[in-house]
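Single-letter residue listing:
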Amino acid sequence: YKGHAGEVSAVCVAPDHTLVASAEKTARPVIHLWDCQTCETVNLLRPNAHRRGVIQLVFNSDHTALLSVGRDHDAQQSIALWRSTSGAWREDGCT
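Residues take numbers from 1 onward in each chain, read along the sequence in its written order. The predicted origin of the model limits local features to residues at a pLDDT of at least 70 and limits the giving and counting of side-chain atom pairs to 80 or more, whereas totals for whole chains, interfaces and linings rest on all residues. Neither water nor hydrogens contribute to the side-chain values; these are computed over all heavy atoms in the structure.

S.K.: Before we go on, may I ask you to explain the sheet that holds strand β2 (residues 19-24) in this structure?
M.R.: The strands making up a sheet associate through backbone hydrogen bonding, with each pair oriented either parallel or antiparallel. Think of it this way: DSSP has to see at least two bridges between two strands before they count as a pair. Secondary structure elements follow DSSP: runs of H or I no shorter than four residues count as helices, runs of E no shorter than two count as strands, and numbering proceeds from the N terminus. Spatially, the four strands line up as an open sheet ordered β1-β2-β3-β4, and their pairing is antiparallel. Strands at the two margins of the open sheet, each flanked by one partner only, are β1 (8-13) and β4 (41-45). Across the sheet, the mean angle separating the axes of adjacent strands is 20° when strand polarity is ignored. Helix axes are fitted to C-alpha atoms over the stretch in contact, other axes to C-alpha atoms as well, and angles between N-to-C directions run from 0 to 180 degrees.

S.K.: For this particular structure, what's the right way to read a nonpolar patch on the surface?
M.R.: A cluster of nonpolar side chains, Val-58, Leu-67 and Ile-79, forms an exposed patch at the surface whose accessible area comes to about 210 Å². Mapped onto the fold, Val-58 is located in strand β5 (residues 54-59). Using a relative accessible area of 39% as the deciding quantity, one classes Val-58 as partly exposed. Patches draw on residues past 30% relative accessible area with no salt bridge. Two like charges within 9 Å are joined, as are two nonpolar side chains (Val, Leu, Ile, Met, Phe, Trp, Tyr) within 5 Å. Where accessible areas are quoted, they stem from the Shrake-Rupley method and a 1.4 Å probe; at the residue level, only the protein chains shown are allowed to cover. Any carboxyl oxygen of Asp or Glu that lies within 4 Å of a side-chain nitrogen of Lys or Arg is treated as forming a salt bridge with it. Burial classes: relative accessible area under 20% of the type maximum marks a residue as buried, over 50% as exposed, and values in between as partly exposed (1.4 Å probe, protein chains only).

S.K.: Is there a simple way to explain the layout of surface pockets in this structure?
M.R.: The gaps of empty space that remain are located by a probe, the size of a water molecule, rolled over the atoms. When its volume is computed, the largest pocket comes out at roughly 170 Å³. A pocket here means an open set of points on a 1 Å grid, computed over the protein atoms alone, that has protein on both sides within 12 Å along at least five of seven lines. A cavity is instead a set of points where a 1.4 Å probe fits but cannot get out; residues with an atom within 4 Å of a point line either one. As for the largest pocket, its lining consists of Ser-9, Lys-25, Arg-52, Gly-53, Val-54, Ile-55, Arg-71, Asp-72, Ala-75, Gln-76 and Gln-77. Residues are grouped as follows: Ala, Val, Leu, Ile, Met, Phe, Trp, Tyr, Cys and Pro are nonpolar; Asp, Glu, Lys and Arg are charged; every other residue, Gly included, is polar. Partitioning the lining of the largest pocket into residue classes produces three nonpolar, four polar and four charged. Grid points are joined across faces, edges and corners, and a volume is the space filled by probe spheres set on the points.

S.K.: Would you explain the side chain of His-50 in this entry?
M.R.: Its place among the elements puts His-50 in the loop between β4 and β5. Note on His-50: relative accessible area 0%, which makes it buried. Two N or O atoms count as a polar contact when they lie within 3.5 Å, although within protein this holds only if one can serve as hydrogen donor and the other as acceptor, and sequence-adjacent residues are included solely when both atoms are side-chain atoms. Among the polar contacts made by the side chain of His-50, one reaches the main-chain amide nitrogen of Gly-70 at a distance of 3.3 Å. Contacts: residue pairs with any heavy atoms within 4.5 Å of one another. Residues contacting His-50, with those up to four places away along its chain left out, are Thr-26, Ala-27, Pro-29, Ser-68, Val-69, Gly-70, Arg-71, Asp-72, Ser-78, Ile-79 and Ala-80.

Take it as geometry only, folks, not as evidence of what the structure does.
Okay, here's the thing in structure tokens:
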């Protein structure tokens, strides 16, 4: 997969090996969701938090939710929850 413009800081493969999430270590990180077989981009997620990059990604067991952990200013960390039941991903919460 060659969709990232910046340094990749986190990668996670869905339990069924169909979907991959990868993220960047930038001031405005983008989480890329891409097809494991074709390497085609499925979706781009832009977190409201994680102002210094994404450091971890985890799918749930049926890959309808994705948890992202990121760095923010002053060495703080934030967590965002993304959900999808139809392929359209949305940020469901952030702390």
